[in-house]
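Chain by chain, the residues:
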Amino acid sequence: MAEVKDGRRAQRILDAAADLVLRWGYKRVTIEEVARHAGIGKGTVYLHFESRSWLFMCVLMRESLAMVDELADAIRRDAAAALPAEQARLGYLEVQRRPLLRAMFVRDSELLGELAHEGAVEPLRVWKGELADEQFRLMREHGLMRTDIDLDTQMYMLGAIQTGFYLYQPAPGSAGAEPEAAAAALRSTVQAAVQPPGAPDPDALAAVVPTVLASYQRFRTSLAAAIAERPTKAASPA
């Protein structure tokens with residue numbers, strides 16, 4: 001029972017931190033403000049999160065966890081959603097719906113402060129890289145990704161393509177100005193870059209889905225465990 005109560009309190013702290021950073025930006029939000037917004041004492045925040053920066057890192061990880069759930073649900077509904085191009089499309093739309101994730105992807109230092117820098121989100125970046133490596137290898141083995149390009153180059157290509165789509169700001173009213181249009185263009189670009197031409201083999205898709213879902217579950221478990229981990233000793237308020 002105490003564990004459930006602690007979990008709910010941690011979620012309340014994360015809710016408060018997310019709400020405040022969206023209102024004021026990372027630089028202006030203090031632990032005192034988060035505690036007040038969550039209706040608890042400042043010291044209680046440090047029982048759950050070892051530092052201010054780690055608290056807000058956990059906010060971003062929770063947002064990523066929610067996106068993973070959406071991507072996995074899409075695959076359960078339609079096996080074709082496991083393909084890299086469709087995952088890129090769906091991921092783009094999820095990021096556009098989530099202001100904190102969008103700020104992370106576009107490296108918005110006004111909103112996220114030091115968390116906008118790649119080094120600050122290194123744990124998340126490493127986990128995502130491992131997930132991509134595992135899924136790309138699987139797709140290549142089943143003929144769902146091109147094998148005339150080496151794996152490292154494919155991962156670089158996909159990262160560069162996605163970064164460009166997230167950072168580029170089209171003129172209002174132009175092609176790609178609406179998220180759905182940009183997401184469709186991203187899917188077409190990724191498909192041409194890393195997937196073989198033609199329709200995917202349905203049997204190959206059916207074969208990879210359980211492993212793709214299992215890899216997402218492991219990623220989800222890693223994120224959830226990191227968020228739930230309590231400090232090993234009382235943190236010094238800062």
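Everything discussed here concerns the structure shown above.
Residues numbered from 1 in each chain as written. Predicted model: local features only at pLDDT ≥ 70, side-chain atom pairs only at ≥ 80, totals over all residues. Heavy atoms only, no water.

Draft legend 1. Main features of the nonpolar core. Grouped together as the largest cluster of nonpolar side chains are 77 residues, with contacts concentrated most on Val34, Leu55, Phe56 and Leu112. Counting residues per element, this core draws most heavily on helix α4 (residues 52–77), which supplies 14 residues. With near-sequence residues (within four places) excluded, Val34 lies in contact with Ile13, Ala16, Ala17, Leu20, Val29, Leu55 and Phe56. (Core = buried A, V, L, I, M, F, W, Y, C linked by side-chain atoms within 4.5 Å. Buried < 20%, exposed > 50% of the residue type's maximum accessible area, 1.4 Å probe, protein only. Helix = DSSP H or I, 4+ residues; strand = E, 2+ residues; numbered from the N terminus. Contact = heavy atoms within 4.5 Å.)

Draft legend 2. How the structure looks around the packing of aromatic side chains. Inspection of the entire model under this criterion finds three aromatic pairs. On the numbers, 4.5 Å between centres and 45° between planes, the contact of Phe105 with Tyr166 is tilted. Residue Phe105 is found in helix α6 (residues 99–105), and its partner Tyr166 is found in helix α9 (residues 151–167); the two are separated by 61 residues along the sequence. Tyr166 sits in the buried class, given a relative accessible area of 7%. The rings of Tyr92, Phe105 and Tyr166 are connected pair by pair, giving a single aromatic cluster. Of note, Arg52 hangs over the ring of Tyr26, and the distance from its end group to the ring centre comes to 4.0 Å. (Phe/Tyr/Trp six-rings, centres within 6.5 Å; stacked < 30°, edge-to-face > 60°. Lys NZ or Arg CZ within 6 Å of the ring centre and 35° of its normal.)

Draft legend 3. Spatial organisation of the pattern of salt bridges. Taken as a whole and assessed by the stated rule, the structure comprises 14 salt bridges. Of the charged contacts, one joins Arg98 and Glu63 as a salt bridge, the two residues approaching to 4.0 Å between their closest N and O atoms. Here Glu63 lies in helix α4 and Arg98 lies in the loop between α5 (84–97) and α6, a separation of 35 residues in the sequence. When its relative accessible area of 18% is taken as the criterion, Arg98 is described as buried. Put simply, Glu63, Glu94, Arg97 and Arg98 are held in one network by salt bridges that share partners. (Salt bridge = Lys/Arg side-chain N within 4 Å of Asp/Glu carboxyl O.)

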